[in-house]
Amino acid sequence: MKLNNIHTKTVKNSRDLFLTLQKANEANNHVQTIILEPGKYFADEDNIVLSVKKNLTIKGKYSNAKATHLNCGFLLGDNNTLILKNLAIDYDGEECNTIALYDGAELYGDNIIVDRTTESRWDTIFCKDSTLSLKNSEVLTDPTRNICGISLKNSQIIATHSNLNAPLLDNSTAYLKDVFTNYAFALKNKSNLSFTDLTLDTSQNTEFSDFYVDNHSTVTGINLNLPKKYSYIDVINSHFENTNFTSGLDNVRWRFDKNSTVLADGDEPFNTLA
């Protein structure tokens, strides 16, 4: 089917998906749409990584993301754009992130679940010099292990109504609204976070700072929920400001140095390092 130079194809099995993606990569047009029938793709395969070399949309046919399951990784770069919708994606291999973005790539995820199913140290999504946008989505890892669900370097993320495990920002920017995170949240090297309605559940974290902000990074937010009793926020040579702690300020323990500015509901909180 071809309409206005937009090619759309519906596939039903792993082989068709693999071949269709190859053709999309080779085509002269820059917009391709692949619709997946419900089912499990690459269920019996190991180390399948799909390279996306042109602008591409891949979406499950129905709104139930778990109905269309992909056991594979995605590699995206060279200023290309990938749109994923209505999909559950995980990766069994030991050679790559579940999704990796480089060199100006853009990923837009709508109603997707991205996970890893091995005990490797690879982050679920790694983004370098690229842009990530998520809506109604989940990015998962083992909630008891110190592994990033999303790791950004020189990149940007926009996320709404989503669940992100252990985000790490390195010289990156994040805009979050109505987002649930767990294990820990870390910013370093001139990173910036702006949020409204952020929940950080660190009940599984017994080793590290719950919220760590370092090296000229900035956090500004409204409505921060820290449900774990005695959650630690560490601010080193950075700025942290939030209005309204929905779980109560008594739940927070603060540690910040003299080169940092920290405001909790407009006032500097008690510093346990003082």
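Everything below is about the structure printed above this text.
The following refers to the structure shown.

Turning our eyes to something else, we now look at the pairing of strand β9 (residues 81–91). The side chains of a regular strand alternate, first on one face of the sheet and then on the other. Taken across its eleven residues, β9 has nine buried, putting it largely inside the fold. With four bridges joining them, strand β6 (residues 56–60) and β9 adopt parallel strand pairing. Residue pairing across strands places K59 opposite K85, the latter belonging to β9. Two elements, β9 and strand β11 (residues 106–116), share ten bridges in a ladder whose sense is parallel. When the bridges of β11 are listed, I83 appears paired with Y108.

What follows is about the packing of aromatic side chains. Any two aromatic rings considered together are summarised by their centre-to-centre distance and by the angle between their planes. Applying the stated criterion across every chain, the model contains five aromatic pairs. Both rings, one in Y102 and one in F126, keep their centres 5.8 Å apart while their planes meet at 55°; by these two values the pair is tilted. Taken together, the residues span a long stretch of sequence, with Y102 in the loop between β10 (99–101) and β11 and F126 in strand β12 (residues 125–128) at a distance of 24 residues. Given a relative accessible area of 29%, Y102 falls into the partly exposed group. Between F245 and W254, the aromatic rings sit 5.9 Å apart at their centres with planes inclined by 85°, giving edge-to-face as the arrangement. The same class applies to F245 and to W254, which are both buried.

On to the side chain of T141. Within the element layout of this structure, T141 appears in the loop between β14 (138–139) and β15 (150–153). Taking the relative accessible area as the measure of exposure, T141 reaches 12% and is therefore buried. Here the side chain of T141 touches I147 through a polar contact of 3.4 Å, landing on its backbone oxygen. Side chain to side chain, T141 and N165 meet in a polar contact 2.4 Å long. When sequence neighbours within four positions are dropped, the list of residues in contact with T141 reads D115, T124, I147, C148, G149 and N165.

Rules of the game
- Residues numbered from 1 in each chain as written.
- Predicted model: local features only at pLDDT ≥ 70, side-chain atom pairs only at ≥ 80, totals over all residues.
- Heavy atoms only, no water.
- Buried < 20%, exposed > 50% of the residue type's maximum accessible area, 1.4 Å probe, protein only.
- Helix = DSSP H or I, 4+ residues; strand = E, 2+ residues; numbered from the N terminus.
- Pairing = 2+ DSSP bridges.
- Phe/Tyr/Trp six-rings, centres within 6.5 Å; stacked < 30°, edge-to-face > 60°.
- Polar contact = N/O pair within 3.5 Å; in protein donor to acceptor, adjacent residues only side chain to side chain.
- Contact = heavy atoms within 4.5 Å.

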